[in-house]
Structure formats: C-alpha cells, structure tokens
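Chain by chain, the residues:
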Amino acid sequence: MPAYPACPQCTLENTYPDGDNYVCADCGFEWPQAENATTDEDDGAVVKDANGNVLTNGDSVVLIKDLKVKGSSITLKVGTKVKSIRLVGGDHEVDCKMDAGQFMLKACYLKKV
C-alpha cells in the first residue's frame, strides 16, 4: 500500500488521493498533490560564496570587502577570517561570531577558505 502524506490540518494519516488533490478522511481537508513537490525543493536551498563555492555549517570564510556595520562605527576589514559559520534563512544567510561581536552577513561578501 503506498504511503500518502499526513493531513497538514489535523496531522492524521488517514488520507487518500482524489484526482489532483489529497483528501483527509477524518477532517475533510483537501490540498493539492503538487504542493508536496515544491516544499521539498525549498528545504534544500544552497548558499554559495562570492566564488560560487557551496557553503555549509561550520565552514571557515574570509571577508572579501570592507563592511561598515550599520548603526555603529565598526568596520569589518577585508581579509578577516571567520571560523565556524552557521547558515540561516533570509537575506543575510550567514550567522557568525567575530572579535567585534556577532554578525549576520551576506554570502556574496565571503570567500570559503
């Protein structure tokens, strides 16, 4: 028997396909079958550095440009090495700790070491 996804509304597994939709027999909720394929693609978002190398959690990177920190007089200098980065979602993909503090940076200003 094929395994169908659990209902996103009531989380019960008593579901079945009906045309282009899945239907929950318990609560009657219907959702499109194509929706499951698009959510799997979003989970595998790839973050790349300035040279196109794929970044992963725990990588070491180097800044390729001087970056002024908004709201303070701190400037992060080119060539500063950052150890053990953490990837997060959003516009600023990289979360890291430096001597100057904790920052969220865009991957386009980083180079993998």
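Only a predicted model underlies this, so the values are computations on that prediction, with no experimental measurement involved. (Residues numbered from 1 in each chain as written. Predicted model: local features only at pLDDT ≥ 70, side-chain atom pairs only at ≥ 80, totals over all residues. Heavy atoms only, no water.)

Describing the packing of aromatic side chains
Point 1. Tallied over the entire structure, the rule returns 3 aromatic pairs.
Point 2. A centroid spacing of 5.7 Å and a plane angle of 40 degrees characterise the contact between Y22 and W31, whose relative ring orientation is tilted.
Point 3. Judged by its relative accessible area of 4%, W31 falls in the buried class.
Point 4. Here a set of aromatic residues connected by ring pairs shows up, and it is made of Y4, Y22, F29 and W31. (Phe/Tyr/Trp six-rings, centres within 6.5 Å; stacked < 30°, edge-to-face > 60°. Buried < 20%, exposed > 50% of the residue type's maximum accessible area, 1.4 Å probe, protein only.)

Some remarks on the confidence of the model for the chain
Interpretation of the predicted coordinates at a detailed level should be avoided for regions scoring low in pLDDT.
Point 1. With 90% of its residues at a pLDDT of 70 or more, the chain has an overall mean of 87.
Point 2. Considering only residues more than four positions removed or in separate chains, one finds that residues 37-42, a stretch of pLDDT under 50, has 0 contacts. (pLDDT = per-residue confidence, 0-100. Contact = heavy atoms within 4.5 Å.)

A word on unusual backbone geometry
Point 1. Notably, T11 is not glycine yet its phi reads approximately 60 degrees, a positive angle.
Point 2. Structurally, the position occupied by T11 is in the segment before β1 (15-18).
Point 3. A positive phi angle is found at S84, which is not glycine, with a value near 45 degrees.
Point 4. Inspection of the secondary structure puts S84 in the loop between β7 (81-82) and β8 (86-87). (Helix = DSSP H or I, 4+ residues; strand = E, 2+ residues; numbered from the N terminus.)

Observations regarding the nonpolar core
The tendency in soluble globular proteins is for nonpolar side chains to be buried side by side.
Point 1. By size, the foremost hydrophobic cluster in this structure holds 16 residues, and its most contacted members are L76, M98 and L105.
Point 2. It is strand β9 (residues 94-98) that provides the largest number of residues to this core, a total of 3 residues.
Point 3. If near-sequence neighbours (up to four positions away) are discounted, L105 is found in contact with L63, L67, L76, H92, E93, V94, C96, M98 and L110. (Core = buried A, V, L, I, M, F, W, Y, C linked by side-chain atoms within 4.5 Å.)

Focus on the pattern of salt bridges
Point 1. All told, the structure shown has 3 salt bridges when counted by the stated rule.
Point 2. As a salt-bridge pair, D59 and K112 come within 3.4 Å of each other at their nearest N and O atoms. Of this pair, D59 sits in the loop between α1 (34-43) and β4 (61-63) while K112 sits in strand β11 (residues 110-112); the two residues are 53 residues apart in sequence, bridging distant segments of the chain.
Point 3. On the basis of relative accessibility, which here comes to 13%, the residue D59 falls in the buried class.
Point 4. Classification of K112 by relative accessible area gives partly exposed; the value is 32%.
Point 5. Notably, a salt bridge pairs K106 with D91, separated by 3.5 Å at the nearest N-O pair. (Salt bridge = Lys/Arg side-chain N within 4 Å of Asp/Glu carboxyl O.)

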